[in-house]
Every structure is written in C-alpha cells, then in structure tokens.
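The chain contents come next:
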Amino acid sequence: MNKNSESKVAEKLISFEKKTKAYSYTVRGVSVWRLIRSPVGYAMQDLPIFMPRLKLYDLLIACMRSMWDMITLSESVRYVVKSYSSAMRVSDEGYLEDIYFHELLSKESGGLRLSSLNTVVGPSVADGERTKSFDCTAILVIASIMAFFFPVRDKTDVFKKLSEEIEKELDIQHFPATYIRQSFSSFWWQTLLFDRLFQKLSPQVVIISDAGERAVIAACRRSRIKVIELQHGVFTNNDPDCLPFDAFDDAHE
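The structure presented is a predicted model; accordingly, all values stated were derived computationally and were not measured.

Trainee: Please explain the side chain of Thr137 as it appears in this structure.
Mentor: With respect to the secondary-structure elements, Thr137 resides in helix α5 (residues 137-149). Exposure remark for Thr137: the relative accessible area of 1% places this residue in the buried category.

Trainee: Hey, could you run me through unusual backbone geometry in this one?
Mentor: Excluding glycine, residues mostly have negative phi values, and the peptide bonds linking residues are mostly trans. The backbone of Arg28 shows a phi angle near 55 degrees, a positive value even though the residue is not glycine. Positionally, Arg28 belongs in the loop between β1 (26-27) and β2 (30-31). Positive phi outside glycine occurs at Asp157, with the angle close to 55 degrees. Relative to the helices and strands, Asp157 is located in the loop between α5 and α6 (158-170). Judged by relative accessible area, which is 39%, Asp157 ranks as partly exposed.

Trainee: What am I meant to see in the packing of α6 against helix α7 (residues 177-201) here?
Mentor: When two helices pack together, you describe them by how their axes are tilted relative to each other and by the distance separating the axes. α7 packs onto α6 with a crossing angle of 125 degrees between their chain directions and a minimal axis gap of 8 Å. As judged from the angle between their axes, α6 and α7 are oblique. Along this stretch, α6 crosses α7, giving a crossing that reads as right-handed. Only Ala177, Ile180, Arg181 and Phe184 of α7 make contact with α6, whose side of the interface consists of Phe159, Lys160, Ser163 and Ile166. Within the contact of α6 with α7, the residues separate by chemical class into five nonpolar, one polar and two charged.

Trainee: Help me understand the packing of aromatic side chains, please; the structure alone is not making it clear to me.
Mentor: For any pair of aromatic rings, the description rests on two quantities: the centre-to-centre distance and the angle between the ring planes. Going through the model one piece at a time under the given rule, you end up with eight aromatic pairs. For the pair Phe16 and Trp33, a centre-to-centre distance of 5.0 Å together with 55 degrees between the ring planes defines the contact as tilted. Of this pair, Phe16 sits in helix α1 (residues 6-20) while Trp33 sits in helix α2 (residues 32-44), placing them 17 residues apart in sequence. This pair shows no difference in class: Phe16 is buried, exactly as Trp33 is. Considering the side-chain rings of Phe175 and Tyr179, the 5.4 Å spacing of their centres and the 75 degrees angle between planes classify their relative orientation as edge-to-face. A residue is classified by how much of its surface remains accessible, and Phe175, at 6% relative accessible area, is buried. Judged by its relative accessible area of 35%, Tyr179 falls in the partly exposed class. Within the aromatic cluster, the residues linked to one another by ring pairs are Phe159, Phe184, Phe187 and Trp188. Its guanidinium or amino end placed over the ring of Tyr84, Lys82 lies 4.2 Å from that ring's centre, counting from NZ or CZ. Residue placement shows Arg222 over the ring face of Trp188; its charged tip is 5.9 Å from the ring centre.

Trainee: Just to check I follow, could you spell out a nonpolar patch on the surface for this structure?
Mentor: Among the surface-exposed residues, Ile145, Phe148, Phe149 and Phe150 lie close enough to one another that they form a single nonpolar patch of about 480 Å² accessible area. Locating Ile145 in the fold gives a position in helix α5. For Ile145, a relative accessible area of 45% puts it in the partly exposed group.

Trainee: Could you clarify how one ought to interpret the confidence of the model for the protein chain in this entry?
Mentor: Low pLDDT means the predicted atomic positions in that stretch should not be read closely. In this model, the protein chain carries a mean pLDDT of 87, and residues with pLDDT of at least 70 account for 90%. Strand β8 (residues 205-208) holds the highest mean pLDDT among the elements of the protein chain, 97, whereas helix α9 (residues 247-250) holds the lowest, 77.

Trainee: Hey, could you run me through the pairing of β8 in this one?
Mentor: In regular strands, side chains alternate between the two faces of the sheet. Across the two faces of β8 the burial is the same, with Val205 and Ile207 and Val206 and Ile208 all buried. When strand β3 (residues 79-84) meets β8, the two strands line up parallel, connected through four bridges. Along β8, the bridge assignment pairs Val81 with Ile207. Sheet topology note: the β8/strand β9 (residues 226-229) ladder contains four bridges and is parallel. Bridge pairing links Val205 to Lys226 in β9. Assessed by its sense of winding, the connection that carries the chain from β8 through helix α8 (residues 214-223) to β9 is right-handed.

Trainee: Help me understand the nonpolar core in this model?
Mentor: The tendency in soluble globular proteins is for nonpolar side chains to be buried as a group. Judged by nonpolar contacts, the single largest core of 49 residues is most densely connected at Trp33, Val40, Ile166, Leu170, Phe184, Phe194 and Phe198. Secondary-structure elements contributing two or more residues to this core are α1, α2, β6 (111-116), α6, α7, β8 and α8. At eight residues, α7 tops the list of elements feeding residues into this core. If we skip the residues at most four places from it in the chain, Ile166 touches Phe16, Trp33, Ile36, Val40, Asp171, Ile172, Phe175 and Ile180. Of all hydrophobic cores here, the second largest spans six residues; its members include Val81, Phe101, Val205 and Ile207.

Cut-offs used in this document
- Residues numbered from 1 in each chain as written.
- Predicted model: local features only at pLDDT ≥ 70, side-chain atom pairs only at ≥ 80, totals over all residues.
- Heavy atoms only, no water.
- Helix = DSSP H or I, 4+ residues; strand = E, 2+ residues; numbered from the N terminus.
- Buried < 20%, exposed > 50% of the residue type's maximum accessible area, 1.4 Å probe, protein only.
- Axes fitted to C-alpha atoms, helices over the stretch in contact; angles between N-to-C directions.
- Parallel < 35°, antiparallel > 145°, perpendicular 65-115°, else oblique.
- Left-handed = near helix turned anticlockwise from the far one by under 90°.
- Contact = heavy atoms within 4.5 Å.
- Nonpolar A, V, L, I, M, F, W, Y, C, P; charged D, E, K, R; others polar.
- Phe/Tyr/Trp six-rings, centres within 6.5 Å; stacked < 30°, edge-to-face > 60°.
- Lys NZ or Arg CZ within 6 Å of the ring centre and 35° of its normal.
- Patch = residues over 30% accessible without salt bridge, like charges linked within 9 Å, V, L, I, M, F, W, Y side chains within 5 Å.
- Areas by Shrake-Rupley, 256 points an atom, 1.4 Å probe, with all protein chains shown as cover.
- Salt bridge = Lys/Arg side-chain N within 4 Å of Asp/Glu carboxyl O.
- pLDDT = per-residue confidence, 0-100.
- Pairing = 2+ DSSP bridges.
- Right-handed = clockwise from strand over helix to strand, strands pointing away.
- Core = buried A, V, L, I, M, F, W, Y, C linked by side-chain atoms within 4.5 Å.

Laid out in structure tokens, this is it:
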C-alpha cells in the first residue's frame, strides 16, 4: 500500500463516509464506524499505531493491584481524572507525579486519579507518588476477556457490512468483521464496567487525557456525568480522530 499524507487520507475518509453513510452503521445505539475510524485512517497512511507489548507478568500484577483497588474503593469524589502509567514522571523533589494532572489534584481537593497500565517503561528512581492512584487496568483486561467469550451480537450484520464497505471502497484488508466485532465488544464491556465504577464514585465530572477514551465517555453519558478532555499534542482537522460536522447527519451524537 502506498503511504498517503494525513490530508489525503482525511479527504478519502470524508468521501467514504458520504458515499456509504458510514456513521449510520450502529449497534446498540453506538456508531461502529466512529470506534474504528482512527485505526482505519492510520492504516491508510501505512502508519499503524503500535502500543508497547506488555509482559504477562506485569499485566497480572497490575490486574491484582487493580482488583484490590476496585474492591476497597468506596468513597464518593468530586471529580475523577483518567490517566496512564506512562504519564508518571519524577519531579525535581524525586517524587512521582502525573505530568497531566498533578497540579490539578494537588490544588483542587476532592479528586481521584484513575490510571491504567499502558507501558512498563517508566522512571527508574523515585521516592513514591505525590498523589494516590487507583488502578483500573482490570477493567480493560476483563472487558477483553468478556468480549472474547461474550461478543456483542447484531442481527443485521453491521460488522460484516461495514467491513465489506471498508475493503471495497478503501481497499484495506486489515479490518475483517471479526476484528470490528471484537473491538466493539471490548468497548461495550468497558463501558458497562466504567459505568458501575462511576456510579460507586458519583463524580460530578470526569477529565480524560486522551481522545481515545471512548468507553469512559460512553459510561459518563449513561450516568449523565460531564466529561472534559485535556487536549494535548498535535491535533489538526485532518487527524483521523477529528470528525467532520457531517457525522451528525447520519448518527446520533
């Protein structure tokens, strides 16, 4: 596949969406195309985003810690921030701090930091964390397991039809119906689990550090919790994660 520029891919995606009404492919009220638009866009650029491969041992340790945190967590909070293990940095004083949310958590009381394991590469020396973190890695792992054994079913073959449209119109072979179903099912189970967690915490607002927190956003919508995204990095109109206004014409927001 020839490598396309970001702007050229953006044009092709918009053309594809107008021709196929891609956002109208919904399952359980959720636009399936919305969930896979970014991976498709990156694949078209021949620049797939690879996450660091986590060792099974590190993942098991994180899950055990996460399960304990989920069981013992009981208090209500004013707000929640959702971050990652990769956000931790060693401060000038030698303590671990969240590069995105430390200042907010230290100055605004009533906050809780949720973190999930996304890398095992981190600071080598630190005297401990400034702010207590609660690990929610187990939610992601359990959702993946549930998606494998109990995938979401659709009677109208939405996953298959969307896969066929992608292969036909965009000439991409990497998104079979099984992949799309698995991705959607993982998202769906994550949404249910995060929803249960937020009902327990009762936050007024959840602040996310990445536009890809689809399940967190969906869970907040279910519980009518306000969501704020901390935008960081380069994000242009041509980014595959930036939707055109036409998207609202074919699917509920």
